Each structure stands twice: as structure tokens, then as C-alpha cells.
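Residue-level listing of the chains:
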Amino acid sequence: MTRIAFQGEPGANSDEACRAYDPDCQPVPHAAFEDAFEAVKRGDCDLGMIPVENSIAGRVADVHHLLPSSGLTIIGELFKPIHFQLMVNPGTRLEDVRVVSSMPFAIGQCRKTIKRLGVATEPAGDTAGSAKDLAAHPDPTRAAIAPALAARLYGLDILLTDIEDEDHNTTRFLVMSPDKTPPRPPAGVPTVTSFVFRVRNLPAALYKAMGGFATNGVNMTKLESYMENGFFTATFFYAEVDGRPEDAHLARAFEELSFFSDHFEILGVFPADPFRDKA
């Protein structure tokens with residue numbers, strides 16, 4: 001059985017993502033992203049499931065600078081629609097609920113329901129953690145907002161389903177492997193190449209570095225900057241493009257990129273999730 005490390009409590013969205021990726025897997029919770037990475041590197045887990053961005057909230061903090069230093073390789077992606085449920089201890093009635101607990105992001109995505117119920121909110125560090133705490137400390141005046149899996153795991157009742165304000169709320173996850181040279185996707189499969197680079201300290205270096213992708217007809221689907229080690233002068237870029245490094249047009253673009261970069265590293269070559277075209 002494949003063991004997949006994730007950050008969060010059992011029942012979190014990352015737990016659900018592991019099960020969506022491999023229904024027969026064993027999701028393994030960890031307190032922090034670094035802990036999940038280390039579990040894969042040590043061999044305690046076979047893969048890691050890491051959220052990197054959300055269609056509403058943007059990229060997940062701290063993840064991009066952890067990817068290059070993780071020592072792991074991206075072998076897949078998963079776009080997961082996010083749904084939140086209002087759950088309570090068995091026997092609790094909706095009209096008795098006075099306080100709702102969850103992580104701030106989840107609360108922010110369910111404002112319309114919370115306003116309609118007229119209840120107070122209490123922030124928690126994790127959606128599934130709020131459900132776990134409610135199960136451990138039953139209170140007929142309290143409810144939690146979490147994925148449906150959390151209700152199943154902690155024996156809670158769901159009073160209201162899919163209470164998120166936006167029905168297009170989606171989180172993208174990356175699947176990480178300790179294998180340094182995993183097999184590439186079969187020929188004909190839409191493929192994504194993920195990489196990081198740092199441009200040289202030259203005028204218009206980024207503009208020139210990007211020119212090779214335009215002139216070679218490479219579709220760049222992501223380009224984000226982030227600081228490395230807290231230095232304003234050491235700006236790294238995380239990027240994703242369609243295609244594989246051995247494709248002639250992408251190989252030429254990478255060659256041109258190397259002229260204007262002092263660091264370049266491919267993080268993964270993996271099949272594109274079919275949901276990517278709908279996201």
C-alpha cells in the first residue's frame with residue numbers, strides 16, 4: 001500500500017486529495033510541510049501530497065521555496081474542488097449553534113452561510129483540526145467547518161452541505177517522489193515541466209530570458225517570483241511550461257534561458273491533470 005504524506009490533521013482537504021489520487025493509499029498526516037517532505041526523504045512515506053495554490057486565495061505560503069530544497073521530484077498534479085460542510089456533535093440542532101470554528105480561509109469562503117445563521121466565528125489552525133477538537137470536546141452550541149471526510153472520521157453529523165460561497169473553489173496539489181529520475185509520461189500525454197531559475201544581475205535579464213519561450217512557441221502557464229534566504233537581490237522564479245525538456249522547441253528555450261540565468265533546476269516533468277483545462 002502506498003503511503004502518502006500530507007500536512008494537516010486526518011480528514012483535511014490534503015487527506016481527501018491523497019485518496020482522490022490513489023483510493024488504495026494510506027494517507028499519513030504531518031504537522032508541517034517540512035515534516036511531510038522529510039517523511040518522504042527518509043522513506044517513511046512513498047509520496048508527498050502538497051497544496052501549492054488555490055483558485056481563490058492564491059499560492060500557499062512557504063511552499064515554493066521548499067520545493068527546490070526538498071530533494072524531491074514532482075511526478076504529478078491534482079486539481080481538487082474544495083467543499084466545506086457544517087458539522088456538529090450528534091444530536092445538536094442547527095438552531096442551537098452559536099459558534100462556528102475552522103481555519104480562517106474556510107470561514108472566509110463560507111461567509112454567506114455564517115451571516116445567514118447569525119453565529120460567531122472562531123479561528124482554528126486546520127479545518128479537520130476544528131472537527132477533531134469538537135469531537136473531543138462535545139458542545140451543543142458549537143459547530144465546525146471542514147471536509148466531509150472529517151465528519152466521517154470523527155463521528156460528527158453534517159447539518160449543512162457544500163456551504164462554500166464560490167462553487168469554483170479549487171486547490172492544486174503536487175505529488176512529490178524521492179525518485180530522482182522517475183519515468184516520463186508516455187508519448188502523446190499532455191505534459192508539464194516545472195522548474196526554478198534565478199536571472200543574472202543584468203539589465204533586462206528577465207525580459208531576455210523569457211524571449212526564448214516566446215520565439216520558440218512555448219506555452220508558459222506559470223511564472224512566480226519569490227525571495228530566497230531573505231535577500232531582496234536573490235529573486236528566484238518558479239515556472240511551468242507545456243511540454244518536456246527533450247522537445248526541440250523547449251530545449252532551445254531552456255538553452256536561451258541559461259544565457260541569462262545563474263541558476264536553473266528542473267523540479268519535475270509530469271502528466272497534466274485533465275482538470276487543468278477547466279480550471
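The preceding data block contains the structure.
To keep things clear, this report deals only with the structure shown in the data block. What you see is a predicted model; the values in this text were computed from it and never measured.

What helix α6 (residues 127-136) keeps buried is the set Thr 127, Ala 128, Ser 130, Ala 131 and Leu 134. For α6, the buried positions fall inside an angular range of 155° around the axis, keeping them on one side. For α6, the N-terminal capping position is held by Asp 126, with its side-chain oxygen 2.8 Å away from the main-chain nitrogen of Ala 128.

Here we take up the sheet that holds strand β7 (residues 99-102). The strand order across the open sheet formed by 5 strands is β8-β7-β9-β6-β10, and the pairing between neighbours is mixed. Because the sheet does not close on itself, it has two edges, and the strands there are β8 (120-123) and β10 (157-160). With strand direction ignored, the average angle separating the axes of adjacent strands in the sheet is 35°. Note that strand β6 (residues 85-88) and β10 share 3 bridges and pair antiparallel. The partner of Val 88 across the bridge, within β10, is Asp 157. Where α6 meets the sheet, it contacts β6, β7 and β9 (142-146), and its direction lies at approximately 150° from that of β9.

Running from N to C, helix α8 (residues 205-215) and helix α9 (residues 248-259) point in directions that differ by 165°, and their axes come no closer than 8 Å. The orientation of α8 with respect to α9, classified from their angle, is roughly antiparallel. α8 and α9 meet at a crossing whose hand is right-handed. Across the interface between the two elements, Lys 208, Ala 209, Met 210, Gly 211, Gly 212, Phe 213 and Thr 215 of α8 pack against Leu 250, Ala 253, Phe 254, Glu 256 and Leu 257 of α9. Counted by class, the contact of α8 with α9 contains 7 nonpolar, 3 polar and 2 charged residues.

A few words now on the nonpolar core. Core analysis: the largest hydrophobic core is formed by 24 residues, its most contacted members being Phe 37, Ile 50, Leu 67, Ile 74, Leu 174, Met 176 and Tyr 238. Among the elements of the structure, α2 (33-42), β3 (47-54), α3 (63-69), β11 (170-177), β12 (191-199), β14 (235-242) and β15 (261-271) are those that each provide at least two residues to this core. A total of 5 residues in this core trace back to one element, the largest contributor, which is α2. In contact with Ile 50, other than residues within four places in its own chain, are Phe 33, Ala 36, Phe 37, Val 63, Arg 172, Phe 173, Leu 174 and Met 176.

Within the secondary structure, Arg 172 sits in strand β11. Side-chain polar atoms of Arg 172 contact the side chain of Glu 77, separated by 2.8 Å. In contact with Arg 172, other than residues within four places in its own chain, are Ile 50, Pro 51, Val 52, Glu 53, Glu 77, Leu 78, Phe 79, Lys 222, Glu 240, Phe 270 and Arg 276.

Pairing is possible between side chains that carry opposite charge, provided their charged atoms lie close to one another. Tallying each qualifying case throughout the model produces 15 salt bridges. A salt bridge links Lys 222 to Glu 53; its shortest N-O distance comes to 2.6 Å. Taken as a pair, Lys 222 in strand β13 (residues 220-227) and Glu 53 in strand β3 lie far apart in primary sequence, 169 residues in all. This pair shows no difference in class: Lys 222 is buried, exactly as Glu 53 is. One salt bridge connects Arg 184 with Glu 246, and the closest N-O pair in it is separated by 2.7 Å.

Moving on: the packing of aromatic side chains. Counted under the stated rule, the structure contains 8 aromatic pairs. Plain terms: the ring middles of Phe 195 and Phe 264 are 5.6 Å apart, the flat faces sit at 55° to each other, and that makes the pair tilted. One end of the pair, Phe 195, is in strand β12; the other, Phe 264, is in strand β15, with 69 residues separating them in the sequence. Note on Phe 195: relative accessible area 0%, which makes it buried.

Each value, and the rule that gives it
Residues numbered from 1 in each chain as written. Predicted model: local features only at pLDDT ≥ 70, side-chain atom pairs only at ≥ 80, totals over all residues. Heavy atoms only, no water. Buried < 20%, exposed > 50% of the residue type's maximum accessible area, 1.4 Å probe, protein only. Helix = DSSP H or I, 4+ residues; strand = E, 2+ residues; numbered from the N terminus. Arc of directions from axis to C-beta. Polar contact = N/O pair within 3.5 Å; in protein donor to acceptor, adjacent residues only side chain to side chain. Pairing = 2+ DSSP bridges. Axes fitted to C-alpha atoms, helices over the stretch in contact; angles between N-to-C directions. Contact = heavy atoms within 4.5 Å. Parallel < 35°, antiparallel > 145°, perpendicular 65-115°, else oblique. Left-handed = near helix turned anticlockwise from the far one by under 90°. Nonpolar A, V, L, I, M, F, W, Y, C, P; charged D, E, K, R; others polar. Core = buried A, V, L, I, M, F, W, Y, C linked by side-chain atoms within 4.5 Å. Salt bridge = Lys/Arg side-chain N within 4 Å of Asp/Glu carboxyl O. Phe/Tyr/Trp six-rings, centres within 6.5 Å; stacked < 30°, edge-to-face > 60°.

Purely geometric stuff here, so don't read any function into it on its own.
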